[in-house]
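Notes for the structure review
Read off the chains here:
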2 protein chains.
Amino acid sequence: MLHRRDVPPIPSSAYAEPVTGRPTLNQRRRESTRLEIAQAAAELFAARGAEATTAEEIATASGISLRTFYRYFSEKEDAVAPLLAAGGERWVRLFTESASDLPVREALERSAAESLSPSDAPAVEALRWTRDLLRDPRLATAWQRVHADSEERLRVAIADRCPPGTDLLEIRLAAAAATAAIRVALEQWARSGAPATGPGSPRELGARCMRELTAGLDLWTRVN
Amino acid sequence: MLHRRDVPPIPSSAYAEPVTGRPTLNQRRRESTRLEIAQAAAELFAARGAEATTAEEIATASGISLRTFYRYFSEKEDAVAPLLAAGGERWVRLFTESASDLPVREALERSAAESLSPSDAPAVEALRWTRDLLRDPRLATAWQRVHADSEERLRVAIADRCPPGTDLLEIRLAAAAATAAIRVALEQWARSGAPATGPGSPRELGARCMRELTAGLDLWTRVN
DNA sequence: GCCTGAATGGCACATCGTGCCAAAAAGTCT
DNA sequence: AGACTTTTTGGCACGATGTGCCATTCAGGC
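Residues numbered from 1 in each chain as written. Chains lettered and ligands numbered in written order. Predicted model: local features only at pLDDT ≥ 70, side-chain atom pairs only at ≥ 80, totals over all residues.

Examining the overall build of chain A
Selection rule: Numbering of helices and strands starts at the N terminus; helices are DSSP runs of H or I of at least 4 residues and strands are runs of E of at least 2. The contact criterion used here is simple: two residues whose C-beta atoms, placed from the backbone, lie within 7 Å are in contact.
When you go through chain A residue by residue, the secondary structure sums to eleven helices and zero strands. In sequence order, the secondary structure elements of chain A are arranged as α-α-α-α-α-α-α-α-α-α-α. Restricting the contact set of chain A to residue pairs at least 6 apart, pairs at least 24 apart contribute 69%.

As structure tokens, this is what we get:
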């Protein structure tokens, strides 16, 4: 007897469980609010630095109370995570949605390249912010957490594509290699003055990093 | 005029600057204190979890005041960093001290394997603690920071070995690949019930991860 | 012994992050 | 429309975090 569950057999969120698209209307509203807060936080962090910015200032700038801010983000520095994670989120989504008959490595490289070449307007904004925010040492923790989360999601996505008996260490290595490739590419791009497209762009750097880091993985020779 | 520095032109530590061994006596004492605190913190974290342990409890268990604790560690969770970083520290040190005529890749693999097979008694302890501490989600941040620092130190060490004109991106990739290999190997070992030596040990897993992740790097074909 | 600089401890203080509860908002149903 | 339920929000209190400041203690060198 773990939980008391008398009347409603399913304690899930609310009424109007959507049969159609995955994200609930409320969830989309919440995601939109998260982005607004992230935008305000990024401006403050870029201007004064994360150290000198209080959580209350971010909340006020976002038009919400301090208490509500901490319902959207568990830590002050996490407020910019939606911007830092924008690329990674899109990347894993593209990989998951790619044709399942495509070899894993092909799918990884293509979705990475596509996610690193911002076509969307907010994606361009996120990239610009990333470059600024990476300079703040106080945000290093958030940057690392974003990639740890990304690696975990990617690991699950890769595992779903592989046959059941696949070595888990191989899957972990593939996820770690691919995530590290994206991270190093973005860090290198942020340090350089290269533009968001063309030579030295995240897309080019990412392709090269991905190729070199994933070349030696055994995973590709066993499943395709 | 950034700082006021009138009388002493060099603000370095103390008297008795040692001409011989690198670490100052005071620094060694400090390092020893750090380890004692880390030991006490690890026991508390493993028993009650990092969430339910206050910084003051760690300080009291270490026989120091709360204020002094924060002079040794900037955050509560960082208190166990010396244990989590023990392997990585030794690894970079072994790599740096290895014969300079040894090819970079050889030196990397050998020092990694050696640092992952604990011969020292405290190294065995650190490994045992690592397995326990990795279960605490509250310590994930410290774990990630430890490896970010390790990657940075390794990057510098690799750069020192390479000829001046070497592509910085290649060096970054090598450092990232090697650090990720160690991290994945330790995470996999911690999840499994494998012993510290023999089959499934960190040394064996590390060798395999290192081989697969660094196989595709261009760096080896240009410098040796 | 004295003297000097570093290490320590105590205190105050701003900020962080959370539990709790009441008010407001949003959605459902008749 | 109104009554009802569920979710979200804001305000408040409070323990915990992390730091600046200053007096005291400690560990040498003289």
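What about the nonpolar core?
Defined as follows: We define a nonpolar core as a collection of buried residues of the types Ala, Val, Leu, Ile, Met, Phe, Trp, Tyr and Cys that are connected via C-beta atoms lying within 7 Å of each other. To assign burial, the other C-beta atoms lying within 10 Å of each residue's own C-beta are counted, with C-beta atoms placed from the backbone; 20 or more indicates buried, 12 or fewer indicates exposed, and intermediate counts indicate partly exposed.
Counting 64 residues, the largest nonpolar core has Ala177(A), Ala178(A), Ala181(A), Ala177(B), Ala178(B) and Ala181(B) as the members making the most contacts within it. With residues up to four places along the chain from it excluded, the contact list for Ala178(B) reads Leu108(B), Ala112(B), Leu154(B), Met210(B) and Thr214(B).

Here's the deal with the relation of the copies chain A and chain B
Using the following cut-off: Least squares is the method for superposing the copies, and the C-alpha atoms it fits come from residues with pLDDT of at least 70 in both.
When chain A is brought onto chain B, the operation consists of a screw motion whose angular component is 180 degrees and whose axial shift is 0.0 Å, with 0.0 Å RMSD remaining. Such a combination of turn and shift is consistent with a two-fold rotation axis. By residue overlap, the copies meet face to face through one surface: 100% of the interface positions of chain A are interface positions in chain B.

Brief notes about the interface of chain A and chain B
Note the threshold: When residue character is reported, Ala, Val, Leu, Ile, Met, Phe, Trp, Tyr, Cys and Pro are called nonpolar, Asp, Glu, Lys and Arg charged, and the others, Gly included, polar.
At the interface, 22 residues of chain A touch 22 residues of chain B. Going through the elements one at a time, α8 (140–161), α9 (168–191) and α10 (202–214) of chain A are the ones with two or more residues in the side of chain A that touches chain B. With eight residues, the top contributor of residues to the side of chain A that touches chain B is α9(A). Grouping the amino acids of the side of chain A that touches chain B by side-chain chemistry returns twelve nonpolar, five polar and five charged.

Description of the environment of Ser150(A)
Residue and element names in this part refer to chain A. Topologically, serine 150 is positioned in helix α8. The exposure class assigned to serine 150 is buried, which follows from the 22 C-beta atoms found within 10 Å. Between the C-alpha atom of serine 150 and that of arginine 48, which follows or precedes it by 102 residues, the distance is 28 Å. Excluding residues within four positions of it along the chain, serine 150 makes contact with Ala85, Gly88, Val92 and Thr179.

Describing the environment of Leu94(B)
Residue and element names in this part refer to chain B. As for its placement among the helices and strands, leucine 94 is situated in helix α5 (residues 86–97). In the structure, leucine 94 is positioned 16 residues away from arginine 110 in sequence and 8.8 Å away in space, judged by C-alpha atoms. Leave out the neighbours within four places in its chain, and leucine 94 touches Ser111, Glu114 and Ser115.

A word on the environment of Arg67(B)
Tracing the chain through its elements places Arg67(B) in helix α3 (residues 66–72). Under the C-beta neighbour-count criterion, Arg67(B) is labelled exposed, with 8 such atoms within 10 Å.

A closer look at the packing of α8(A) against α9(A)
All names here are of chain A. Condition: An axis is simply a line fitted to the C-alpha atoms; with a helix, the fit covers only the stretch in contact. Between two such axes, the angle follows the N-to-C directions and lies from 0 to 180 degrees. Here is the rule for angles: anything less than 35 degrees is roughly parallel, anything more than 145 is roughly antiparallel, 65 through 115 is roughly perpendicular, and the remaining ranges are oblique. For a crossing to be left-handed, the near helix must be turned anticlockwise from the far one by less than a right angle; the clockwise case is right-handed.
Direction vectors running N to C along α8 and α9 enclose 135 degrees, while the axes themselves pass 9 Å from each other. By the angle between their directions, the pair α8 and α9 is classed as oblique. The chirality of how α8 crosses α9 is right-handed. Across the interface between the two elements, His147, Ser150, Glu151, Leu154, Arg155, Ile158 and Ala159 of α8 pack against Ile171, Arg172, Ala174, Ala175, Ala176, Ala178, Thr179 and Arg183 of α9. When grouped by side-chain class, the residues that make up the contact of α8 with α9 number eight nonpolar, three polar and four charged.

A short note on the packing of helix α5 (residues 86–97) of chain A against α8(A)
All names here are of chain A. In contact at an axis separation of 10 Å, α5 and α8 are set at 5 degrees when each is read in the N-to-C sense. Relative to α8, the element α5 is oriented roughly parallel. Seen from α5, the contacting residues are Gly88, Val92, Phe95 and Thr96; seen from α8, they are Val146, His147, Ser150, Arg153, Leu154 and Ala157.

Quick look at α5(A)
All names here are of chain A. For clarity, the cut-off: Every helix has an expected span of 1.5 Å times one less than the residues it contains.
Between its first and last C-alpha, α5 extends 17 Å over twelve residues, near the 16 Å set by a 1.5 Å rise per residue. Buried within α5 are the following residues: Ala86, Gly87, Gly88, Trp91, Val92 and Phe95. Contacts from the buried residues of α5 go to α4 (81–84), α6 (104–116), α7 (121–133), α8 and α9.

What about helix α9 (residues 168–191) of chain B?
Given a rise of 1.5 Å per residue, 24 residues ought to cover 34 Å, and the 34 Å separating the end C-alpha atoms of α9(B) matches this to within 8%. Counting buried residues in α9(B) gives 20 out of 24 residues, a clear majority hidden from the surface.

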